[in-house]
2 protein chains.
Amino acid sequence: MTVKQLSLPELAAACVELGVGGVGLWREPVRAYGVEAAAKLVRDAGLNVTTLCRGGFLTAIDAGERAAALEDNRRAIDEAVTLGTNVLVLVSGGLPVGSHDLKGARERIAEGLAELAPYAGERGVRLAIEPLHPMFASDRCVVSTLDQALDIAERFPADQVGVCVDTYHVWWDDRAPAGIVRAAEGGRLHTFQLADWITPLPEGVLNGRGQLGDGSIDMREWRERVEAVGYTGPIEVEIFNDELWAGDGRALLAKTAERFTEQVW
Amino acid sequence: MTVKQLSLPELAAACVELGVGGVGLWREPVRAYGVEAAAKLVRDAGLNVTTLCRGGFLTAIDAGERAAALEDNRRAIDEAVTLGTNVLVLVSGGLPVGSHDLKGARERIAEGLAELAPYAGERGVRLAIEPLHPMFASDRCVVSTLDQALDIAERFPADQVGVCVDTYHVWWDDRAPAGIVRAAEGGRLHTFQLADWITPLPEGVLNGRGQLGDGSIDMREWRERVEAVGYTGPIEVEIFNDELWAGDGRALLAKTAERFTEQVW
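In this text the structure is predicted, and so the values were computed from the model without any measurement.

Definitions and cut-offs
- Residues numbered from 1 in each chain as written.
- Chains lettered and ligands numbered in written order.
- Predicted model: local features only at pLDDT ≥ 70, side-chain atom pairs only at ≥ 80, totals over all residues.
- Heavy atoms only, no water.
- Pairing = 2+ DSSP bridges.
- Helix = DSSP H or I, 4+ residues; strand = E, 2+ residues; numbered from the N terminus.
- Axes fitted to C-alpha atoms, helices over the stretch in contact; angles between N-to-C directions.
- Contact = heavy atoms within 4.5 Å.
- Buried area = accessible area lost by both parts, 1.4 Å probe.
- Salt bridge = Lys/Arg side-chain N within 4 Å of Asp/Glu carboxyl O.
- Core = buried A, V, L, I, M, F, W, Y, C linked by side-chain atoms within 4.5 Å.
- Buried < 20%, exposed > 50% of the residue type's maximum accessible area, 1.4 Å probe, protein only.
- Expected span 1.5 Å × (residues − 1).
- Bend = angle between axes of the 7 residues up to and from the residue.
- Least-squares fit on C-alpha atoms with pLDDT ≥ 70 in both.
- Phe/Tyr/Trp six-rings, centres within 6.5 Å; stacked < 30°, edge-to-face > 60°.
- Parallel < 35°, antiparallel > 145°, perpendicular 65-115°, else oblique.
- Left-handed = near helix turned anticlockwise from the far one by under 90°.
- Nonpolar A, V, L, I, M, F, W, Y, C, P; charged D, E, K, R; others polar.
- UniProt positions renumbered as here; feature names shortened; annotations may be inferred.

**Some remarks on the sheet that holds strand β5 (residues 161-166) of chain B**
All names here are of chain B.
Line of reasoning, step 1. Sheet architecture is open: seven strands sit in the order β1-β2-β3-β4-β5-β6-β9, paired in parallel fashion. Only two strands of the sheet have a single neighbouring strand rather than two, namely β1 (22-26) and β9 (235-237). Averaged over all adjacent pairs, the angle separating strand axes in this sheet is 30°, with direction ignored.
Line of reasoning, step 2. Here four bridges tie β5 to strand β6 (residues 189-194), and the two strands are oriented parallel to one another. When the bridges of β6 are listed, Val163 appears paired with Leu189.
Line of reasoning, step 3. In the packing of helix α4 (residues 63-83) onto the sheet, the strands contacted are β1, β2 (48-56), β3 (87-91) and β4 (126-129), and the crossing angle to β2 comes to about 175°.

**Description of the interface of chain B and chain A**
Line of reasoning, step 1. Tallying the contact residues gives 30 residues for chain B and 30 residues for chain A.
Line of reasoning, step 2. Carbon and sulfur atoms make up 59% of the surface buried where chain B meets chain A, a total of about 2400 Å² over both sides.
Line of reasoning, step 3. The largest per-residue losses of area from chain B upon contact with chain A belong to B:His100, B:Trp171 and B:Trp172, which jointly make up 23% of the total buried on that side.
Line of reasoning, step 4. One can count zero salt bridges joining chain B with chain A.

**Looking at the side chain of B:Gln148**
Line of reasoning, step 1. Its location among the elements puts B:Gln148 in helix α6 (residues 146-153).
Line of reasoning, step 2. In contact with B:Gln148, not counting residues within four places along its chain, are A:Trp172, A:Asp174, B:Arg106, B:Val142 and B:Val143.

**Quick notes on the nonpolar core**
Line of reasoning, step 1. In this structure, A:Leu25, A:Leu113, A:Met135, B:Leu25, B:Leu113 and B:Met135 are the most contacted members of the largest nonpolar core, which totals 163 residues.
Line of reasoning, step 2. The residues touching B:Met135, leaving out its near neighbours within four places in the chain, are A:His133, A:Met135, A:Trp197, A:Leu201, B:Tyr168, B:Trp197, B:Leu201 and B:Val205.

**Here's the deal with helix α5 (residues 102-122) of chain B**
All names here are of chain B.
Line of reasoning, step 1. Across its 21 residues, α5 extends 30 Å between first and last C-alpha, which sits within 8% of the 30 Å expected from 1.5 Å per residue.
Line of reasoning, step 2. At Ala114, α5 shows its strongest bend, of approximately 35°, with the proline Pro118 following within four residues.
Line of reasoning, step 3. Positioned one or two residues after α5, Gly124 has a phi angle of 75°, which is positive.

**A word on the relation of the copies chain B and chain A**
Line of reasoning, step 1. Relative to chain A, chain B is turned by 180° and slid 0.0 Å along the rotation axis, the superposed coordinates differing by an RMSD of 0.0 Å. These values place the two chain copies in the arrangement generated by a two-fold rotation axis. The position closest to the rotation axis in chain B is occupied by the C-alpha of B:Glu203, lying 1.9 Å away.
Line of reasoning, step 2. When the interface residues of chain B are mapped onto chain A, 100% of them again lie at the interface, so the same face is used by both copies.

**Brief notes about the packing of aromatic side chains**
Line of reasoning, step 1. Applying the stated criterion across every chain, the model contains 11 aromatic pairs over all chains.
Line of reasoning, step 2. Seen in terms of ring centroids, A:Trp172 and B:Trp172 are 5.4 Å apart; in terms of plane orientation they differ by 85°. Their pairing is edge-to-face. You can see A:Trp172 sitting in the loop between α7 (167-170) and α8 (176-185) and its partner B:Trp172 sitting in the loop between α7 (167-170) and α8 (176-185), one on each of two chains. Considered together, A:Trp172 and B:Trp172 belong to a single accessibility category, that of buried residues.
Line of reasoning, step 3. Summarising the aromatic geometry, the rings of B:Tyr168 and B:Trp197 are spaced 4.9 Å apart at their centres and angled 35° between planes, so their arrangement reads as tilted. With a gap of 29 residues between them, B:Tyr168 in helix α7 and B:Trp197 in strand β7 (residues 196-197) connect regions that are remote in the sequence.
Line of reasoning, step 4. Judged by relative accessible area, B:Trp197 falls into the buried class, the value being 0%.

**Some thoughts on the packing of helix α3 (residues 35-44) of chain A against helix α4 (residues 63-83) of chain A**
All names here are of chain A.
Line of reasoning, step 1. As a packed pair, α3 and α4 sit with axes 8 Å apart at the nearest point and diverge in direction by 30°. With respect to their mutual orientation, α3 and α4 come out roughly parallel. Between α3 and α4 the crossing geometry is right-handed. Residue-level contacts link Val35, Glu36, Ala38 and Ala39 of α3 to Glu79, Thr82 and Leu83 of α4.
Line of reasoning, step 2. Class assignment for the residues of the contact of α3 with α4 results in four nonpolar, one polar and two charged.

**Quick look at the UniProt feature "domain: Xylose isomerase-like TIM barrel" (unreviewed entry) in chain A**
Line of reasoning, step 1. In the numbering used here, UniProt assigns the feature "domain: Xylose isomerase-like TIM barrel" (unreviewed entry) to residues 13-254 of chain A.
Line of reasoning, step 2. In the segment residues 13-254 of chain A, helix accounts for 44% and strand for 17%; the C-alpha atoms at its two ends are 12 Å apart.

**Focus on unusual backbone geometry**
Phi is mostly negative for residues that are not glycine, and the peptide bonds are mostly trans.
All names here are of chain A.
Line of reasoning, step 1. Note the cis peptide between Cys53 and Arg54, where omega equals 10°.
Line of reasoning, step 2. Positive phi is not limited to glycine here, since Phe57 has a value of about 50°.
Line of reasoning, step 3. For Phe57, the position within the fold is in the loop between β2 (48-56) and α4.
Line of reasoning, step 4. Exposure remark for Phe57: the relative accessible area of 34% places this residue in the partly exposed category.

**Some details on the side chain of B:Asn73**
Residue and element names in this part refer to chain B.
Line of reasoning, step 1. Considering the arrangement of structural elements, one finds Asn73 in helix α4.
Line of reasoning, step 2. Classification of Asn73 as buried rests on a relative accessible area of 2%.
Line of reasoning, step 3. Beyond its immediate chain neighbours, meaning those up to four positions away, Asn73 contacts Gly55, Gly56, Leu58, Leu88, Leu90 and Leu116.

And the structure:
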């Protein structure tokens, strides 16, 4: 998604050229290209699919909507299997229209996972609950902190449900470092993502993430935190930024790889 | 600030007309009008000044900037005395340019308070640290949660430093209700403010707060929470909203009073 201006073949070629060995994929472009075809494309390019993004949206109250969400999540799990990744990232969903009940919404996420977790486990896919920044609590994800994500994940076996830690969402939280320890001790740190925090935020606040090194987050410190607890999984860069997307995708990927080396290691 | 399109005399008259007995004031309009004159105006109108907003901005590293900030806070404390309010709300400040060190910035706030708290205490003014929503962590306030605010406040006597709880900033935080109990038990719940959470957030995210009842927050539930811990202080409405500010100020104050009755009680 960092270079969403690139088609999947362009992305695969650019990764190979730059020596980027793994790629996190999003469902929309994968489905548009064809899941089987996308799987073959990245496999032929020798790329490891680190994660698939995203399942989730489990907060609906309406029975029909809930059933549709569960069905869509099962499809996402199947797609992960096809793509050869063992992690499906979950964006849990916001408050239903007119609802004020964050606690109830968080509970419905757990109820949905009770149905999905075994399905995922049987297929070797781990679900990774991603806490999103609290500014998304009403409209995108009622799980706002790593502790909240772990409170839900820990109701399930660790090889079925864990968490996704993204610096952009948790950097402000003085409890997140302890949450990383807690996640790792439980075997639930399923993926780790990077984006920098920059201001002013754009209207709607979704596509204002910063290139590594452009903002307020010490990337190296967070990488060292996950390293200190024994994390050896992928480190993904996930930047949503309208301005960056308006430029050349290959140059952006090269720049991001350069910043990764410079800011993270 | 909810009706910032009104001049101070218009505000005082509108409050009297609507039977609103107390008003929280901001420093800029008060200083523009003259602090003594503003004090006389509200006194003559029979209004109670609930709080003065805002001191703070204590995160600078530069010695000259720090000295200026302390001096400005002493002035704010003096202004609170003149206005007859015993609470000065603090917006603590963001990260200095180029800094990544949230922890250090939070520590500098405590260092600043060590100088200001006795000065405030001698004058009967309580400093209220306001945790701001985490989306303001980099540019406005590195204190993002009620627990963080209390961690700092509790280093000082309760009659010198406490907290300001604003629903807009803490509504997403499942730990905030326990924080309210903690604040009240320590005698540190110095003021309580209301605004609703609405989306999409505008560019810059500052002036997109919602009228009571228009958004995701259950106002009654939060009022009951502070009531349950024995809070009997003022309940302030503080809505920053460009659209509401563009309309008639008296009508907005009347609407806000109506919503207050309907949504909070």
